[in-house]
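Residue-level structural notes
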Amino acid sequence: MARLTSDFWVSAYLRQAAHDGLVAVLRRRGAAEAGAIFVKLDRLDRTAALYGPAPQSLAEDDGVRRFQLVLDSDPGSVEDRVARELRFDSDLWLVEIENRAGDPRLDLVEG
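Details of the pattern of salt bridges
If you walk through the whole model with that rule in mind, you get eight salt bridges. Between Glu79 and Arg27 there is a salt bridge; the shortest N-O distance is 2.7 Å. Placement of Glu79 in helix α2 (residues 75-88) and of Arg27 in strand β1 (residues 23-28) is noted, with a sequence separation of 52 residues between them. Residue classification places Glu79 among the partly exposed residues on the basis of a relative accessible area of 27%. You can call Arg27 partly exposed: its relative accessible area is 39%. For Glu96, the salt bridge is made with Arg27, and the minimal N-O distance between the two is 2.9 Å.

Analysis parameters
Residues numbered from 1 in each chain as written. Predicted model: local features only at pLDDT ≥ 70, side-chain atom pairs only at ≥ 80, totals over all residues. Heavy atoms only, no water. Salt bridge = Lys/Arg side-chain N within 4 Å of Asp/Glu carboxyl O. Helix = DSSP H or I, 4+ residues; strand = E, 2+ residues; numbered from the N terminus. Buried < 20%, exposed > 50% of the residue type's maximum accessible area, 1.4 Å probe, protein only.

Set out below in structure tokens:
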């Protein structure tokens, strides 16, 4: 099954967050069709997490984008990791969401 393009998925994610009363912003626009999407979760308590694309080996073939936890730490460490990811892949998308409950609103895989 075909996946949604990155720009469409990000747009829908941002709209759903706004609908749910959460603050979510697009911090970096990547490649429209298939750019990797990273989501930074700010828990507003001086902790943050970074989620990135799940490896293909953990993804199902149903077209749903799945994510895995990359780093759970303080905001500065998460920003450092984002900078490293950007050096590796300049076409990535970066979305930031604020949620005191700690829910990134993503389909997550264990791994």
